[in-house]
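Structural overview
Chain by chain, the residues:
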Amino acid sequence: MDILISGAGIAGPSLAFWLRRFGFAVTVVERAPAPRDGGQAVDFRGTAHMTVLRRMGLLDEIRRQQTTPADMVFVDEHGRRRAVLPAEFTAGEVEILRGRLSRILYEATRDDVEYLFGDTITSLAEDESGVDVTFQHAPPRRFGLVIGADGMHSAVRGQVFSGRLDFLGYHVAGFASDGHEYCNVPGRLIGDGLIIFKSAELTYDRRDLLAQKEIVADACAGVGWRVPEIVRTMCESDDFFFGPVSRLRMDRITRGRVALIGDAAYGTTFGGMGTGLAIVSAYVLAGSLATHRSHTEAFAEYESLVRPYAKGCQGNPGPFLAPATKPGLWLRNRLFGVMARLPLEGMFARMDIKAANNITLPDYARPPQVR
Ligand SMILES: Cc1cc2nc3c(=O)[nH]c(=O)nc-3n(C[C@H](O)[C@H](O)[C@H](O)COP(=O)(O)OP(=O)(O)OC[C@H]3O[C@@H](n4cnc5c(N)ncnc54)[C@H](O)[C@@H]3O)c2cc1C
């Protein structure tokens, strides 16, 4: 069966990897002209993430290119150290720059997957035996299945599904920067490579990065410490991301011959373990398709395994990283202080691992049938 994937971020190439291994013919269409190398560090944690990476045979390469984990140091406006979040919590078991991971996945699939860069789907028309697809540039084609792996603002989702993005009260900006110090004032966290602030939902042009940088700079106005220097670094950064912290609510992530995966299916803009979730879901979706007679049965298995798992991974780190009030900030810092003094090795790490491990992975590594 020919399968079309929209999006060559993390979920798209991970799914292409497994589908090829199970014998499907795969085409990936990506709007950008080449794999997008942007993004800060993403991490993997817990048995499910590590098992899938090991089964892909990519764990050693990811470890070879991993970042050096560092503690997150929280200071006040005068630069006084107020709390420390240990690296074991912030960096998981292995942490890597998102761009490097995206490149590893692309390299692992480029030889036997057809990539169409600089293009996008313009229409989908499904009947009983397939989906007719038109593209902005490539000629029309027919596929057995279409999978939307085209991120938080998925066009495939927009065409086939209804869903709701709930705004969670914060906006976040990420940018290239060294260092791991973060200044907290109520409702704001401003630091190396990361700025989070509480506000009403803002409207802005998603393509106008300059205007977005101005919004973030305004949100940082009046804060002392190294903040003016951090804002300058952000303004000069080519690797910049800005968006509302929001969570996607979907009743279902498959319909007919179309399915969603990754941020397109259950994204949280930030802090939702999106990368680990994407690779685990890719393994489950491809494995389900390889081990069931029909895509309908496979999609049912995919929904039943992945939807509850994903729900548990959709966190909102805003109130935790940038508590809204002075007492809230004081309480969070006290909590970190107490926890750091207790002899409970690994306690920080275990806080997130429960959600990351909350799936029983079927062993699809050698599926019974190859198509
Ligand atoms: C440039 C970039 C930087 C990121 N930086 C971070 C970060 O620093 N920290 C973090 O936690 N997460 C980051 N993310 C999000 C993170 O990659 C995801 O949360 C997670 O890895 C799941 O990946 P995904 O493949 O579902 O989504 P994404 O990684 O967002 O990939 C979606 C892909 O779909 C493509 N696409 C979008 N619309 C279309 C369309 N209409 N047609 C064809 N292709 C389309 C996009 O160009 C992109 O390549 C970033 C994403 C991107 C694209």
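Note that the structure is predicted; figures quoted are calculated from it, not measured. (Residues numbered from 1 in each chain as written. Predicted model: local features only at pLDDT ≥ 70, side-chain atom pairs only at ≥ 80, totals over all residues. Heavy atoms only, no water.)

Not every one of the 26 residues close to the ligand is listed here, only the nearest: Ala 11, Glu 30, Gln 40, Arg 98 and Asp 263. Note that a nitrogen atom of the ligand is positioned 2.9 Å from one of the side-chain N or O atoms of Thr 120. Coverage of the ligand by the protein chains reaches 84% of its 920 Å² of free accessible surface. At the level of elements, β2 (25–30) and α10 (274–291) are the ones that each hand at least two residues to the shell around the ligand. Examining the composition of the shell around the ligand, we find that three residues originate from one element, α10, more than from any other. Its residues assigned to classes, the shell around the ligand shows eight nonpolar, 11 polar and seven charged. (Near = heavy atom within 4 Å. Polar contact = N/O pair within 3.5 Å; in protein donor to acceptor, adjacent residues only side chain to side chain. Areas by Shrake-Rupley, 256 points an atom, 1.4 Å probe, with all protein chains shown as cover. Helix = DSSP H or I, 4+ residues; strand = E, 2+ residues; numbered from the N terminus. Nonpolar A, V, L, I, M, F, W, Y, C, P; charged D, E, K, R; others polar.)

What follows deals with the confidence of the model for the chain. Confidence in the prediction for the chain averages 91 pLDDT; 94% of positions are at 70 or higher. Both scores are available for the predicted complex, with the pTM at 0.92 and the ipTM at 0.97. (pLDDT = per-residue confidence, 0-100.)

Among all residues except glycine, the phi angle is most often negative; among peptide bonds, the trans geometry is most common. Phi is positive for Trp 225, which is not a glycine, with a value near 55 degrees. Relative to the assigned elements, Trp 225 resides in the loop between α7 (209–220) and α8 (227–236).

Strand order in the open sheet made by the six strands is β7-β2-β1-β11-β18-β17, with mixed pairing throughout. Edge positions in the sheet fall to β7 (114–117) and β17 (254–255), since each of these pairs with one other strand and no more. Here five bridges tie strand β1 (residues 2–6) to β2, and the two strands are oriented parallel to one another. Among the inter-strand pairings, Ser 6 is bridged to a residue of β2, identified as Val 29. (Pairing = 2+ DSSP bridges.)

Turning our eyes to something else, we now look at the packing of helix α2 (residues 46–56) against α10. At a minimum axis distance of 9 Å, the contact between α2 and α10 shows a crossing angle of 60 degrees. In terms of their interaxial angle, α2 and α10 are classed as oblique. Note on packing geometry: the crossing formed by α2 with α10 is left-handed. Between α2, through Ala 48, His 49, Val 52, Leu 53 and Arg 55, and α10, the contact on the second element is made entirely by Gly 276, Leu 277, Ile 279, Val 280 and Tyr 283. A breakdown of the residues in the contact of α2 with α10 according to their chemical character gives seven nonpolar, two polar and one charged. (Axes fitted to C-alpha atoms, helices over the stretch in contact; angles between N-to-C directions. Parallel < 35°, antiparallel > 145°, perpendicular 65-115°, else oblique. Left-handed = near helix turned anticlockwise from the far one by under 90°. Contact = heavy atoms within 4.5 Å.)

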